[in-house]
Structures are given as structure tokens and as C-alpha cells.
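Commentary on secondary and tertiary structure
Each chain, written out:
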Protein chains: 2
Amino acid sequence: MSEMHAIQHRNFGDPAEVLEVVSLPVPQPGPGEVRVKLLAATINPSDYGMIGGSYGRLRELPAVAGREGVGQVDALGPGVSSVGVGARVRFPEGGAWQEYACLSASDLVLVDATVPVEQAAISFINPPTAYCLLTKMIDLKPGDWVLQNAGNSAVGLSVIQMAKAMGLKTISQVRREELVETLKSMGADQVVLEGSGWPKQIKELTGGDPVRLALNSIGGESASDQIKALGENGTQVTFGGMVGDKVRFPTRFLIFNNVRLVGFWWDKFCKTQPAEAVNEVRDAVHRMMREEQLKLPIAATYKLSEIKDAIRHDKNPRLGKVLLKP
Amino acid sequence: MSEMHAIQHRNFGDPAEVLEVVSLPVPQPGPGEVRVKLLAATINPSDYGMIGGSYGRLRELPAVAGREGVGQVDALGPGVSSVGVGARVRFPEGGAWQEYACLSASDLVLVDATVPVEQAAISFINPPTAYCLLTKMIDLKPGDWVLQNAGNSAVGLSVIQMAKAMGLKTISQVRREELVETLKSMGADQVVLEGSGWPKQIKELTGGDPVRLALNSIGGESASDQIKALGENGTQVTFGGMVGDKVRFPTRFLIFNNVRLVGFWWDKFCKTQPAEAVNEVRDAVHRMMREEQLKLPIAATYKLSEIKDAIRHDKNPRLGKVLLKP
């Protein structure tokens with residue numbers, strides 16, 4: 001075991017063109033470090049932004065792609081006693097699409113082994129984003145209505161399930177008719193079709209209650225519809241995840257209805273908030289996964305070496321995450 | 001003196017078509033009321049919205065047009081002792097384009113007679129809006145940069161002069177080259193031409209400091225440019241006044257730069273804030289006018305009966321307010 005697979009890119013660009021499966025030496029943990037073996041990694045919308053060069057923070061090239069995965073400690077460097085071989089941990093973030101990586105033992109993020117491995121793999125970006133959107137932007141009370149587009153995305157499905165657990169009500173915008181019943185079976189209160197003129201029916205959808213929060217990861221018409229549907233003093237949050245279309249809206253909603261438009265970026269939250277705040281979010285996500293209040297579907301699993309097939313699958317209509325395993 | 005001139009409209013529509021000069025009986029103050037005689041009224045951008053039917057609140061028809069003016073108490077109804085004939089007051093807001101109007105003595109807004117009459121006429125909508133934009137939206141410190149479009153509007157000129165008095169720095173966007181020097185002579189720190197690609201030079205304009213607040217009453221490209229020029233965590237406020245074009249912006253600024261977009265509407269502030277808060281704003285404006293920190297130019301003065309000429313003048317390029325006098 002001296003060589004391992006890694007998915008690398010030497011340039012920013014279309015993943016189908018710039019990604020290559022390469023063999024790299026298996027890294028050896030130095031003093032104070034541990035080596036982590038990958039159990040499962042995810043493909044996230046933001047991976048495309050990071051590989052493509054449009055994301056808010058980029059890696060130095062050549063870079064191993066991928067941001068999110070779960071692994072287990074596989075070897076300890078000299079002087080490490082705080083953790084043992086076999087411990088379940090977050091796979092190092094700076095390149096999750098490879099079989100092994102080393103990091104300082106003090107930077108480890110431990111994951112409770114009672115969280116299913118495939119759920120744990122998905123637990124570090126989308127569900128924490130959903131949790132923050134529902135708890136950190138405005139003060140929501142049980143019974144309040146939350147609107148979101150991309151209702152079938154991993155953030156969208158997390159919002160539906162978390163909102164249910166919190167006593168909030170959701171309206172999810174989707175592009176495909178067949179998703180309506182699927183999302184309802186997962187706990188969605190209302191599901192509407194994009195482009196159907198649904199904002200005109202907003203009062204019937206909510207029984208006359210105002211929509212207080214709208215979550216946008218798409219932009220364009222989908223986001224404009226949200227602005228029209230928001231109640232007085234409503235908030236629209238645009239968040240990282242998809243590289244969205246431009247938002248276009250008549251200013252009268254801001255002026256006369258006091259709607260406000262803000263952003264949220266989980267990466268920035270992690271960078272600017274105290275560690276306890278970040279841990280609190282992560283713990284809440286893992287608790288919900290353990291208690292099966294949150295269970296995200298897996299669309300398919302591919303080997304690292306099948307990355308191009310995996311990305312093709314990911315870009316087609318699907319429900320659930322595409323996972324990568326060694 | 002039994003008949004007076006008033007500018008009325010029976011339908012919502014283009015002011016050039018729907019406004020009529022009519023003769024109405026001079027009203028007599030009832031018990032507890034006073035009659036106010038108009039000294040000077042203004043034409044505001046929001047008058048066009050109210051006459052046209054697009055504004056956030058509309059009057060019952062037929063309606064006397066106009067929202068803002070200053071007058072003096074001219075007759076007292078039975079039982080009024082709290083105010084005397086001759087007192088300078090705000091002209092009743094529900095139809096300022098008429099020679100006389102009555103209102104309850106308890107609703108009077110007194111205006112210090114040391115404020116010049118023409119400045120007082122302009123003091124109830126645009127300068128309070130400017131004052132709130134600079135003091136109520138975010139916590140600005142001396143030396144902070146504020147960006148605004150429509151720099152030559154009454155709000156824009158108020159922002160320039162108030163910012164100067166508060167130690168803030170301003171960048172004003174204008175459409176006409178000849179306004180650059182005019183605005184600088186009134187205290188503007190930087191003046192840029194719309195459509196010139198100025199956001200690329202933002203660091204040179206501010207000496208590298210971030211722009212913390214952008215004030216938008218135009219929308220469209222002008223507002224998108226502001227979003228690009230705002231620093232991290234910056235706020236754009238869209239406010240009542242002009243009926244703006246749609247705003248179109250790439251969502252990355254909200255996500256990665258944490259820019260937020262909010263609205264402000266002086267009418268709503270007056271309706272939702274305690275009377276002391278509204279009075280504090282009005283007092284601050286009148287103090288600045290009295291001390292000549294704030295002095296708004298008058299473009300022209302017309303008689304009420306010349307309303308169509310006045311509106312024509314108002315709609316052409318100009319600097320300063322068009323006033324109406326009896």
C-alpha cells in the first residue's frame with residue numbers, strides 16, 4: 001500500500017475536462033498528525049464552483065478536488081495520544097476525493113459512530129447550511145411558514161425534515177411534477193411547480209398566514225417569485241451551494257413591504273463564528289441524523305476512479321446525493 | 001374670499017392628463033380645528049406615484065394632489081387655544097396643492113419660524129428620508145464612505161450636505177457631466193458618471209476604504225453597480241421616492257460578500273415609529289436648515305394654476321425643487 005487514487009485538477013474549468021484520476025503516494029503522518037482513510041465522500045454543487053474557478057475561495061493548483069467526506073483514523077504519527085486508530089472523523093476538507101490524507105490530530109472533527117456512515121459523509125455542508133438558515137437568520141416560531149426553491153436538493157430536503165422537527169411549515173418550489181408527492185412523503189407541507197404562477201395562490205397555500213423566510217439557491221425567476229410571495233417584513237436568504245442566476249426584482253417590494261435580501265455562506269460562518277457555535281450546529285445535525293429526524297437519500301455510489309460517471313449522474317435529474325467510495 | 005384654487009384629479013394616471021385646476025369653497029374650521037393657508041408646496045417624485053396609482057398608499061378619488069408644503073394658521077375654530085393665528089405649520093398632508101385646508105389643532109406640526117419658508121416647504125419628506133438613511137440603517141462612524149445614486153435629487157443633495165456635517169464621506173452617482181463640479185461645490189467628496197464603469201475604480205475613489213452603505217432610488221444598472229462597489233458586509237438601502245427600475249444582481253455578492261439589501265420608506269417610519277422618533281428626525285432637519293448645514297436649491301416657483309408648466313419643468317433636467325405658491 002504505497003500508492004493511492006486521487007482526483008486531481010491542474011486547471012480551473014469544466015470538471016468533465018479538467019479532472020484526472022491520478023496515483024499519488026500514500027501520505028505518512030508526521031509528528032502530531034494522524035492519517036485518515038476515506039469511507040465515503042460527496043459531490044456538492046460547490047465542488048463545481050471550486051473546480052470551475054467561480055467559488056468564493058479557491059485552492060492552489062494542482063489540487064485534489066472534493067470538500068466533504070467521512071473517514072476513520074488509520075495511522076498515528078509520533079506523539080499522538082488524543083485519538084486512537086479506528087476513530088470515525090471528518091475526512092480532511094482540503095481534497096476529499098482521495099483515499100488517504102493526513103492532518104494535525106488537534107484539527108480532527110470526531111463523528112459519533114452511531115451516525116450512519118453514508119449520512120455522516122453528507123453531514124458537513126448542506127445540513128448545517130439548512131440548520132443555520134432555519135435558526136440563525138430570523139427568529140422563527142412554531143407554525144411559521146418558510147419558502148424554498150430547489151426543494152429536492154440536499155439543503156432542500158434537510159430544510160423540509162428539520163422544519164418538520166421544529167414545528168415550522170414549508171413551501172418547496174420544484175421543477176419536476178413527479179417530485180411533488182415524493183417531497184410531501186418526506187414531510188413537505190406544500191410543494192409548488194416553478195413557473196406555474198404559484199405566488200398568486202400564496203394565501204391559499206398558507207391559509208392566509210404570511211411567509212416569513214424564503215431560502216434561495218437558484219436566482220432568476222424562481223427568486224423573484226419568492227420576493228413576490230414573501231409577507232410584509234419578510235426575509236429572503238440567498239445561500240452558497242449553487243451558482244445562481246441573477247436575481248431581478250422590482251424595488252417596490254423592498255420599499256413598501258420592507259422585504260430584506262441577505263446572504264448566508266456556511267464557509268464564512270465557520271471562519272467567523274467561535275468554534276462552539278460551529279460545533280453546536282454540527283452536533284444538532286448529527287443528533288437529528290441519529291434520531292432519524294433527518295435522513296437524506298443516496299442517489300448512487302461510485303468508486304473514486306469512476307468520477308466522470310459519478311459527475312454525469314450528479315448532473316442529471318435525481319433525488320439524493322451521489323457518493324464516492326474508495 | 002369664498003372660493004380657492006386646488007389641483008384635483010378624478011382618476012389615477014399621467015399627471016399631465018388627469019390633473020385639473022378647480023375652484024373649491026374655502027373650508028371653515030370646525031370645533032377644535034384650525035385653517036391653514038398655504039405659503040409654499042413642493043412637487044415630489046412620490047406625487048407622481050400617488051397621482052399615477054403606483055404608490056404604496058393611495059387616496060380616495062377625487063383627490064387634491066400634493067403631499068408637502070408649509071403654511072400659516074389663518075383661522076381658529078371654536079375652542080382652539082393651543083395655537084394662534086400666524087403660527088408657521090406644516091400644511092395638511094392630505095392634499096397640499098390647494099390654498100387652504102383645515103385640520104385638528106392637535107395634529108398640527110409646528111415649524112420654527114427661523115427656518116426659511118422655502119426650505120421649510122421641502123423639509124418633511126426628502127431631508128427626513130436622507131437623515132434616516134444616514135442614521136437609522138447601520139451604525140456609521142466618521143470617515144465611513146456612503147454611496148448614492150440620483151446624487152442631484154433632493155434626497156441626494158441632503159445626503160451630501162448631512163454627511164458632510166456628520167463627518168461621513170460620499171460618492172454620488174449622476175447622469176450628467178455638468179453636475180460633477182456642482183455637487184463637489186456643495187460638499188460631495190466624489191462624484192461619478194453613471195455607466196462609466198466606475199465600480200472598477202472604487203478603491204481609488206475611497207483610498208482603499210470599503211463602502212459601507214449604498215443608497216438606491218433608481219434601480220437597474222445604477223443599483224447593480226452599487227452592489228458591485230459595496231465592501232464586504234455592506235448594506236444597500238432602496239428607498240421610496242422614485243418608482244425605480246428592477247434591480248438585477250448576481251447572487252454571489254450576497255453569498256460571498258455578505259452584502260444585504262433592505263428597504264426604507266419614510267411613510268412607514270412615520271406610521272410605525274413612536275411620535276418622539278419622528279419628531280427627533282424633523283427637529284434634526286430643521287436645526288440643520290436653520291444653521292445652514294442643509295440648504296436645498298430651488299429650481300423654480302410656479303403658481304398653483306400653472307401646475308402643468310410646473311410639472312413640465314420638474315420632469316426636465318434641473319437642480320433643486322420646483323415649488324408651488326398660491
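Here the structure is a predicted model, which means the values were calculated and not measured. (Residues numbered from 1 in each chain as written. Chains lettered and ligands numbered in written order. Predicted model: local features only at pLDDT ≥ 70, side-chain atom pairs only at ≥ 80, totals over all residues. Heavy atoms only, no water.)

Let us look at the overall build of chain A. Looking only at helices and strands, chain A features 12 helices and 16 strands. Computed over its C-alpha atoms, the radius of gyration of chain A comes to 20 Å, within 12% of the 20 Å expected for a compact globule of 326 residues. Dimensions of chain A along its principal axes, counting C-alpha atoms only, are 65 × 40 × 35 Å. Residues classed as buried in chain A amount to 57% of the 326 residues present. Counting contacts in chain A only where the partners sit at least 6 residues apart, residues at least 24 apart contribute 67% of the total. With an accessible surface of roughly 13,200 Å², chain A has 48% of that area assigned to carbon and sulfur atoms. (Helix = DSSP H or I, 4+ residues; strand = E, 2+ residues; numbered from the N terminus. Rg over C-alpha atoms; globule rule 2.2 N^0.38 Å. Buried < 20%, exposed > 50% of the residue type's maximum accessible area, 1.4 Å probe, protein only. Contact = heavy atoms within 4.5 Å. Areas by Shrake-Rupley, 256 points an atom, 1.4 Å probe, with all protein chains shown as cover.)

With that settled, consider the environment of W198(A). Residues and elements named next belong to chain A. Positionally, W198 belongs in the loop between β10 (190-193) and α7 (202-206). Exposure remark for W198: the relative accessible area of 2% places this residue in the buried category. For the pair W198 and A229, spaced 31 residues apart in sequence, the C-alpha to C-alpha distance is 8.7 Å. Among all residues touching W198, those that are not within four sequence positions of it are L147, Q173, V192, L193, L205, D225, Q226 and A229.

Attention shifts here to the sheet that holds strand β2 (residues 19-25) of chain B. Residues and elements named next belong to chain B. With antiparallel pairing, 3 strands are arranged side by side in an open sheet as β2-β1-β4. Strands with a single pairing partner mark the edges of an open sheet, and in this sheet they are β2 and β4 (63-64). Sheet analysis places strand β1 (residues 3-9) next to β2, joined by 7 bridges and oriented antiparallel. Within β2, the residue paired with Q8 across the bridge is E20. (Pairing = 2+ DSSP bridges.)

With that settled, consider the pairing of strand β11 (residues 211-216) of chain A. Burial within β11(A) is extensive, with 5 of its 6 residues counted as buried. Following the backbone out of β11(A), through helix α8 (residues 220-229) of chain A and into the adjacent parallel strand β12 (residues 235-239) of chain A, one traces a crossover that is right-handed. (Right-handed = clockwise from strand over helix to strand, strands pointing away.)

In this section: the relation of the copies chain A and chain B. In the superposition of chain A on chain B (RMSD 0.0 Å, axial shift 0.0 Å), the rotation amounts to 180°. With respect to symmetry, the two chain copies, as superposed, fit the operation of a two-fold axis. Residue R248(A), judged by its C-alpha, is the member of chain A lying nearest the rotation axis, at 2.1 Å. Interface residue correspondence from chain A to chain B reaches 100%, placing this contact among same-surface, isologous pairings. (Least-squares fit on C-alpha atoms with pLDDT ≥ 70 in both.)

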